[in-house]
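Structure assessment
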Amino acid sequence: IGGSRVIVEAKMDTGADSCSLDARNIESFEKDGVKWVRFEVPARDGRSATLEAPLARTVRIKRGAGSSPPRPVVRLPVCLGNLQREVDVNLVDRERYRQKALVGRNFLAGYVIVDSARKRLTRPDCGPAPRR
């Protein structure tokens, strides 16, 4: 995920409208009059990467009877196997979850067939990290 080539374990979630990423120490700042977000992404190897991206918007995720606090949304390149697409990703602390990212329909629709009976079918193979 992102231009820093952070590899995280992700869950395909056909019930989620959009992608979510485990992000810590989220802070907003302004750069050249545009709102940006700086955040840390813990990688599966134990290291973490600090990423920055323009803030696309904020969202509230609906859950049962209520909704979550607002989450920042940024546009990031996401790689699944050899498929790379730039999509909106909401940032949230997913420390308590095994999978540190959810890949939602905004990435999957029209590109990926999900077999819910199978796990860990692919590794990232999208080539060099894109320049930002």
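This report concerns the structure included in the present document. (Residues numbered from 1 in each chain as written. Predicted model: local features only at pLDDT ≥ 70, side-chain atom pairs only at ≥ 80, totals over all residues. Heavy atoms only, no water.)

On to the nonpolar core. Grouped together as the largest cluster of nonpolar side chains are 23 residues, with contacts concentrated most on Leu 21, Phe 39 and Phe 107. Those elements giving two or more residues to this core turn out to be strand S2 (19-22), strand S4 (34-42), strand S5 (48-59), strand S8 (71-80), strand S9 (83-92), strand S10 (101-103) and helix H1 (105-108). Element by element, the count of residues in this core is highest for S9, at four residues. (Core = buried A, V, L, I, M, F, W, Y, C linked by side-chain atoms within 4.5 Å. Buried < 20%, exposed > 50% of the residue type's maximum accessible area, 1.4 Å probe, protein only. Helix = DSSP H or I, 4+ residues; strand = E, 2+ residues; numbered from the N terminus.)

Before going further, it helps to spend a moment on the pattern of salt bridges. In this structure the tally under the stated criterion is eight salt bridges. One salt bridge connects Arg 105 with Asp 17, and the closest N-O pair in it is separated by 2.1 Å. With Arg 105 in helix H1 and Asp 17 in the loop between strand S1 (10-12) and S2, this residue pair connects regions lying 88 residues apart in the sequence. Among the salt bridges present, the one from Arg 24 reaches Asp 22, with a minimum N-O distance of 2.7 Å. (Salt bridge = Lys/Arg side-chain N within 4 Å of Asp/Glu carboxyl O.)

Take unusual backbone geometry next. In this structure, Asn 25 takes a positive phi of about 50 degrees despite not being glycine. Relative to the helices and strands, Asn 25 resides in strand S3 (residues 24-31). Its identity as a non-glycine residue notwithstanding, Asp 32 has a phi of 55 degrees, on the positive side. A relative accessible area of 77% places Asp 32 in the exposed class.

Inspection of the entire model under this criterion finds one disulfide. One disulfide in the model links Cys 79 with Cys 126; its S-S distance is 2.1 Å. Here the disulfide of Cys 79 and Cys 126 is right-handed, its torsion about the S-S bond being about 90 degrees. Residue Cys 79 is found in strand S8, and its partner Cys 126 is found in the segment after H1; the two are separated by 47 residues along the sequence. Accessibility expressed as a relative area gives 17% for Cys 126, which makes it buried. Here Cys 19 is not cross-linked by a disulfide; its sulfur's nearest cysteine counterpart is in Cys 79, at 12 Å. (Disulfide = S-S within 2.5 Å.)

Here the focus is the pairing of S5. Bridge analysis of S4 against S5 gives seven bridges, and the strand direction is antiparallel. Across the sheet, residue Val 37 finds its bridge partner in S5, namely Ala 53. Count of turn residues in the S4/S5 antiparallel hairpin: five residues, of which Gly 46 carries a positive phi of about 95 degrees. The sheet contact formed by S5 and S8 spans four bridges and is antiparallel. The residue of S8 that forms the bridge with Thr 58 is Pro 72. (Pairing = 2+ DSSP bridges.)

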